[in-house]
Amino acid sequence: MGTEMATPTTVIAQVSKTVKENNWDLVIKPETSLLSLHLQDLWRYRDLLVMFVRRDVVTVYKQTVLGPIWYVLQPILTTIVFMFIFGNIAGISTDGLPQALFYFSGITIWNYFSETFTQTSKTFKENENLFGKVYFPRLVMPISKVVSGLIKFAIQFGFFLVLYGYFLVNGYAIQPTVYILLFPFLLVLMAGMGLGFGIIFTSLTAKYRDLTFLIQFGVQLLMYATPVIYPVSTIPERYKVFILANPMSAVIEAFRFGFLGSGSINFWYLGYSTIFMLIILFLGILIFNKTEKTFIDTV
């Protein structure tokens, strides 16, 4: 008695027929196109996203004495150190702004970007066991880091507004401008760049684990190439182009100009930061999508 060998075409036809008969709404296929990002699945798994965000927030201050106060304590202590070293010893200008407000504004903005970048860069490393056991859109995990980082940012930004209100009421040279309305857009730029860089690096570290040692150092080094502790106006002209080539520079300058009236705003550089963010985010999603297919075999 002879038997027929099922060809791949026959198998696919049988699967398609079974799907139609059972009205399944999701089929996990072994091979997909590089551009098959399945972004619509992120909305379908929004409950899972909320669960991951809640987990990230709770685990940070669980079994701690001060709880969420740690979110504010870190930028406060960093601001004090910057005031002592860069403001008093080095004598770096703050464009006539109170040192505490100048440094805290830069630290608050930078912290959200760096937090998003470093946390999403650990996606594959920290979740390799989970990814090997159950299916869900892998992008849910890094996006949950972006959203949970927003909660931490909101706490730090709230303290910034308190500090901002104090100096404003006491007559310091602070002149908020209409460009304060750009704040939500600046937040999107930071989130997009942090997510894009993070998922690119987590894809690379899935195969080259030693890159993880460079990420923390690289982020700290990048901060000094960003106008966090100095205004762009103090940079010599021949070096200014290198600082402004950093897409985060325009974001921090626009934030300070909107809230404090310090420095300047350049829409060409903001446009550059926007295009940079879109490109790095698109490339990051493509690389992440490709890596997740073979991640389990790699580790």
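Nothing here was measured: the structure is a model prediction, and the numbers come from that model. (Residues numbered from 1 in each chain as written. Predicted model: local features only at pLDDT ≥ 70, side-chain atom pairs only at ≥ 80, totals over all residues. Heavy atoms only, no water.)

Participant: What should I look at first to understand helix H11 (residues 237-244) in this one?
Facilitator: Since there are 3.6 residues in each turn of an α-helix, residues three or four apart along the chain are aligned in direction. Residues of H11 that are buried include every one of Lys 240, Ile 243 and Leu 244, and no others. Taken around the axis of H11, the buried residues stretch over an arc of 90°, which confines them to a single face. In H11, the exposed residues that point more than 90 degrees away from the buried face are Arg 238 and Phe 242. (Buried < 20%, exposed > 50% of the residue type's maximum accessible area, 1.4 Å probe, protein only. Helix = DSSP H or I, 4+ residues; strand = E, 2+ residues; numbered from the N terminus. Arc of directions from axis to C-beta.)

Participant: Quick question: what am I supposed to make of the pattern of salt bridges here?
Facilitator: Two side chains of opposite charge can pair, provided their charged atoms sit close to one another. What the rule picks out here adds up to two salt bridges. A salt bridge links Lys 152 to Glu 115; the nearest nitrogen and oxygen atoms lie 3.3 Å apart. Pair noted here: Lys 152 is in helix H8 (residues 140-169) and Glu 115 is in helix H5 (residues 99-120), with a separation of 37 residues, a long-range link. What makes Glu 115 partly exposed here is its relative accessible area of 25%. Here Glu 237 ties to Lys 240 by a salt bridge, and the two come within 3.1 Å at their closest N and O atoms. Of this pair, Glu 237 and Lys 240 both sit in helix H11, three residues apart, which is roughly one turn of the helix. Judged by its relative accessible area of 61%, Glu 237 is exposed. (Salt bridge = Lys/Arg side-chain N within 4 Å of Asp/Glu carboxyl O.)

Participant: Looking at this structure, I do not really get H5. What am I missing?
Facilitator: Helix length check: H5, at 22 residues, gives a terminal C-alpha distance of 32 Å against a target of 32 Å (1.5 Å per residue), a fit within 8%. Buried residues dominate H5, accounting for 19 of its 22 residues. (Expected span 1.5 Å × (residues − 1).)

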